[in-house]
Amino acid sequence: ISGSRDRDNMLHLHHSWTPNIDRLAEDGVKLTQHISAASLCTPSRAAFLTGRYPVRSGMVSSIGYRVLQWTGAAGGLPTNETTFAKILKEKGYATGLIGKWHLGLNCESASDHCHHPLHHGFDHFYGMPFSLMGDCAHWELSEKRVNLEQKLNFLFQVLALVALTLVAGKLTHLIPVSWTPVIWSALWAVLLLAGSYFVGALIVHADCLLMRNHTITEQPMRFQKATPLILQEVASFLKRNKHGPFLLFVSFLHVHIPLITMENFLGKSLHGLYGDNVEEMDWMVGQILDTLDMEGLTNSTLIYFTSDHGGSLENQLGHTQYGGWNGIYKGGKGMGGWEGGIRVPGIFRWPGVLPAGQVIGEPTSLMDVFPTVVQLAGGEVPQDRVIDGQDLLPLLLGTAQHSDHEFLMHYCEGFLHAARWHQRDKGTTWKVHFVTPVFQPEGAGACYGRKVCPCFGEKVLHHDPPLLFDLSRDPSETHVLTPASEPVFYQVMERVQRAVREHQRTLSPVPLQLDRLGNIWRPWLQPCCGPFPLCWCLREDGPQ
């Protein structure tokens, strides 16, 4: 994302017509074994910005809350974590984040903004403090609205039944009770019924908003305006900062349900609405590249393009897929170990510096961006904490033949599901699975019928011995190796398990930001551009 200058783009895996992304790959370096540190957005983004496994910063859960659930929750990227944006800002870079954040906002009040991007090294922010969700557009594919409606409806029915029973008992003199509990149970039943009716609109106002720095500009946001507003903001940032070093992180709202797509891209792709949304994002990439050209910045800008995780296989209705596909790779979003959830696009382009058209198959990680850009900017990687990323520049330049990653750990929440060993002298990458999710229905490639595969409990399998794959020959993870089929089975297992023990000794206990206390809605933390709960405003039509 940065060198002399820079930018990063987040997306999800795609198979569609993407000429601008293809052009980036042709003109730059393509990483074909690029791995995210988590298979869901909040922990993956935390690892990307800090260069550390999310379990180190506490950006994980132990109870199934996989990402931040509300804008008005107290959890978020801890203030004692150091992002590469913070270090680059200290080195004189203008730092901007445009698009999705989803790493928390407030701690104790609706305006303390303790987790805000401006408190983590960015001096400009325009975008969503939370994330675009299906609930923002009242989609049938719902993250929390449908579940909340069902719970509120159930409680309404219970209280309504209680009220009717008390009334009947009172009138027939079978239950000696005053009218007070009857009235209160009826009132609560009415409130719960109203809550179930309005909860969808409340979620839209609570979570689907745009901010400029510390100020809410749209609540709720106008979805069809989001793409042009983001592009205008990118162009404005580049023009303002073109005469000095800058870091710009463009974090697309694409390609996440509800797949908000401008009219001129609808129906254009052979891959349905998902393909339309990918093609619109590709067009946005092209617009940003054109702006760099027009401002004379192309040759002095290092561009990095990636995804925070793989496609979401469970996001489908009927026979229509809305969450993307992962090609030959098994599994998808939310699965801690399978390649489909964590192997993501990786492209670096820096004309005149990085060799065009180079393809690197060595294991690399999103966490590697941290030490890479920090050292490019003349900063120092922090020595007071473990940094799991490795400097990619020698590999990108071709001065190193191998990645510095011998081992990479693959977590699902705070649970270690898998690990890979890059055996450099043999040119082999081994993958060991300790835990895998139980696919539903049996034989399927995902956990259909639920939002995402679980990390623990009855719906996961603990393998003894662990599953072993040779990713060098079997990237689809279809052929499980056994002591009978793999002569070095036990040697590989012993070496990987020793590396896991060594890794675990470097972990320290930290508060888990995504557990229940940090991940429930708190009214006093809810950002609101009017007197709560009248959260509605439209303060600007475009960037200033």
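Residues numbered from 1 in each chain as written. Predicted model: local features only at pLDDT ≥ 70, side-chain atom pairs only at ≥ 80, totals over all residues. Heavy atoms only, no water.

Where we set the bar: UniProt positions are given in the numbering used here, feature names are shortened, and annotations may be inferred rather than shown by experiment.
For the protein chain, an unreviewed UniProt entry supplies the name Arylsulfatase L and the organism Mandrillus leucophaeus. Here the protein chain is described in UniProt, under the heading Cofactor (unreviewed entry), as follows: "Ca(2+)". The record in UniProt for the protein chain states the following under Sequence similarities (unreviewed entry): "Belongs to the sulfatase family."

Concerning the pattern of salt bridges
Here is the rule we go by: The working definition used for a salt bridge is a side-chain nitrogen of Lys or Arg within 4 Å of a carboxyl oxygen of Asp or Glu. Strands here mean DSSP runs of E at least two residues long; helices mean DSSP runs of H or I at least four residues long; both are numbered from the N terminus. Think of it in three bands: residues with accessible area under 20% of the maximum for their type are buried, residues over 50% are exposed, and the middle band is partly exposed, with areas taken using a 1.4 Å probe on protein chains only.
One pass over the structure, following the stated rule, counts 19 salt bridges. Note that R145 and E149 form a salt bridge whose closest N and O atoms lie 3.3 Å from each other. Placement of the pair is R145 and E149 together in helix α5 (residues 145-172), with a separation of four residues, close to one helical turn. The exposure class assigned to R145 is buried, which follows from its relative accessible area of 6%. Here E477 ties to K431 by a salt bridge, and the two come within 2.8 Å at their closest N and O atoms. Placement of E477 in the loop between β19 (460-470) and α12 (489-504) and of K431 in strand β18 (residues 428-437) is noted, with a sequence separation of 46 residues between them. Taking the relative accessible area as the measure of exposure, K431 reaches 0% and is therefore buried. Through salt bridges with shared partners, a single ionic network connects E339, R343, R420, K431 and E477.

Remarks on unusual backbone geometry
Note the cis peptide between I257 and P258, where omega equals 20°. Looking at the element boundaries, P258 is found in the loop between β8 (246-251) and α8 (272-294). Cis peptide bonds are those with omega within 30 degrees of zero, and the linkage from Q440 to P441 qualifies with -5°. A positive phi angle, near 55°, is found at L259, a position not held by glycine. Of note, L259 is situated in the loop between β8 and α8. A relative accessible area of 2% means that L259 is categorised as buried.

Quick notes on the sheet that holds β18
Using the following cut-off: The criterion for strand pairing is that DSSP finds at least two bridges linking the strands in question. Axes here mean lines fitted to C-alpha atoms, for a helix over just the part in contact, with angles spanning 0 to 180 degrees between N-to-C directions. For this analysis, residues touch if any pair of their heavy atoms sits within 4.5 Å.
Pairing is antiparallel across the open sheet formed by four strands, whose spatial order is β16-β17-β18-β19. On the outer flanks of this sheet lie β16 (407-412) and β19, each paired with one strand and no other. Neighbour-to-neighbour, the strand axes of the sheet open up by a mean angle of 15°, direction not taken into account. Seen against the sheet, α12 touches β16, β17 (415-423), β18 and β19 and runs at an angle of roughly 120° to β19.

Focus: the UniProt feature "domain: Sulfatase N-terminal" (unreviewed entry) in the protein chain
Per the UniProt annotation, the sites labelled "domain: Sulfatase N-terminal" (unreviewed entry) are residues 18-378. Secondary structure within residues 18-378 divides into 39% helix and 14% strand; the distance between the first and last C-alpha atoms comes to 34 Å.

Remarks on the packing of helix α1 (residues 19-27) against α8
As a reminder, the rule being used: The labels follow the angle: roughly parallel below 35 degrees, roughly antiparallel above 145, roughly perpendicular from 65 to 115, and oblique for the rest. Classes in brief: Ala, Val, Leu, Ile, Met, Phe, Trp, Tyr, Cys and Pro nonpolar; Asp, Glu, Lys and Arg charged; the others, Gly included, polar.
The geometry of α1 relative to α8 is characterised by a closest axis approach of 7 Å and an angle of 55° between their N-to-C directions. Between α1 and α8, the angle is such that the two are oblique. Here P19, N20, I21, R23 and L24 of α1 lie close against α8, whose contacting residues are M281, D282, W283, V285, G286, L289 and D290. For the contact of α1 with α8, the class distribution of residues is seven nonpolar, two polar and three charged.

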